[in-house]
Amino acid sequence: MDGERFKTDIIPLRPVMLAVALKMLGDADDAEDAVQEIMLRIWEMRAQVTKMINPEGYVMQSLRNFCLDRLRAKKQTVEVTQISLACDETPYLGTERRNAVVLVGQIIASLPRQQKMVIEMRDIEGYELEEIATATGMQVGAVAVNLSRARKKVRDLYLWINNYKKI
């Protein structure tokens, strides 16, 4: 599939794709991201799409699957402040842990944009390094470096705030 055929066959599906994604995801920004991701995937595999009997059906099924994956991922994501505590701990320990969770969340929020994005995707949302690289457009090595730096910064700031060691 060349650029012209992509423009005539796939691009006109965009409004329908956006409507489907919006209905499934319930958020305009998430729907726009989903449509953009599927358009990119279709463009990258345009040689295989050309050979398909029903490329429009494939595009719509891909979008549906992508949206379902997003919805599943949202259900599995737990806010850091919602982490349950063990039943046998004292109220003091429970408060200490909740405060530690809030503090780590604040430290993560203060990180540079790329480090924040990478640590959230990896350690909170559970994405693999390759998935993060694909989603962010970074090289896998750059993702690993940013993740390492982010973790070190979180650890150092946490320890410094709690007076365990000097930075």
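As a starting point, this report considers the structure included with it.

Scoring rules and cut-offs
Counting restarts for each chain, with residues numbered from 1 along the sequence as it is written. The predicted origin of the model limits local features to residues at a pLDDT of at least 70 and limits the giving and counting of side-chain atom pairs to 80 or more, whereas totals for whole chains, interfaces and linings rest on all residues. Side-chain metrics rest on all non-hydrogen atoms present in the structure, leaving aside hydrogens and water. Elements are defined by DSSP. Helices are runs of H or I of four residues or more, strands are runs of E of two residues or more, and each kind is numbered from the N terminus. The contact criterion used throughout is that any non-hydrogen atoms of two residues lie within 4.5 Å. Put simply, a nonpolar core is a bunch of buried Ala, Val, Leu, Ile, Met, Phe, Trp, Tyr and Cys residues held in one set by side-chain atoms that sit within 4.5 Å of each other. Type-normalised accessible area, obtained with a 1.4 Å probe on protein chains alone, sets the label of each residue: buried when under 20%, exposed when over 50%, and partly exposed for intermediate values. Each residue after the first adds 1.5 Å to the expected span of a helix. Put simply, two rings from Phe, Tyr or Trp (the six-membered ring, in Trp's case) pair if the centres are within 6.5 Å, and we call them stacked under 30 degrees between planes, edge-to-face over 60, tilted for the rest. A ring has a charge above it when a Lys NZ or an Arg CZ is no more than 6 Å from the ring centre and no more than 35 degrees off the ring normal. Interaxial angles span 0 to 180 degrees and are taken between N-to-C directions of axes, which are lines fitted to C-alpha atoms, for helices over the stretch in contact. Angles are sorted into four bins: roughly parallel if under 35 degrees, roughly antiparallel if over 145, roughly perpendicular if 65 to 115, and oblique for all others. Each residue is assigned to one of three groups, with Ala, Val, Leu, Ile, Met, Phe, Trp, Tyr, Cys and Pro labelled nonpolar, Asp, Glu, Lys and Arg labelled charged, and all others, Gly among them, labelled polar. Any Lys or Arg side-chain nitrogen found within 4 Å of a carboxyl oxygen on Asp or Glu counts as a salt bridge.

Next up on the list: the overall build of the chain. Within the chain, the secondary structure is distributed over 9 helices and 0 strands. Listing each helix as α and each strand as β along the chain from the N terminus yields α-α-α-α-α-α-α-α-α. Summarising the internal contacts of the chain: among those between residues at least 6 apart in sequence, 53% fall at separations of at least 24.

With that out of the way, let us pick up the nonpolar core. Ranked by size, the top nonpolar core spans 17 residues in total, and within it M17, A21, A34, I38, I42, V59 and L63 carry the most contacts. Those elements giving two or more residues to this core turn out to be α2 (14–25), α3 (28–44) and α5 (55–76). A per-element tally of this core places α3 first, with 6 residues. What A34 contacts, discounting residues up to four positions off in sequence, is A21, L25, L63, F66 and C67. Of all hydrophobic cores here, the second largest spans 15 residues; its members include L103, V118, M121 and V143.

Now for helix α9 (residues 140–161). For α9, spanning 22 residues, the distance from its first C-alpha to its last is 31 Å, which sits close to the expected 32 Å at 1.5 Å a residue. Among the residues of α9, those classed as buried are V143, N146, L147, A150, V154, D156 and L157. Buried residues belonging to α9 abut α6 (91–109), α7 (113–124) and α8 (129–136). Positive phi appears at N163, one or two residues downstream of α9, with a value of about 60°.

Applying the stated criterion to the full structure yields 0 aromatic pairs. Here the basic side chain of R46 rests over the ring of W43, its NZ or CZ set 3.9 Å away from the ring centre.

Relative orientation of the contacting elements α7 and α9 amounts to 90°, with a least axis distance of 8 Å. The orientation of α7 with respect to α9, classified from their angle, is roughly perpendicular. Where α7 approaches α9, its residues Q114, Q115, V118, I119, R122 and D123 are matched on the opposing element by V143, N146, L147, R149, A150, R151 and V154. Here the contact of α7 with α9 is composed, by residue class, of 6 nonpolar, 3 polar and 4 charged.

Attention now goes to the pattern of salt bridges. Throughout the structure, instances matching the rule amount to 7 salt bridges. Ionic pairing is found between D69 and R72, a salt bridge with its closest N-O pair at 2.9 Å. A residue pair is termed a helical-turn pair when its members lie 3 or 4 positions apart in one helix, as D69 and R72 do in helix α5 at 3 residues. Connected through shared salt-bridge partners, K152, R155 and D156 make up one network.

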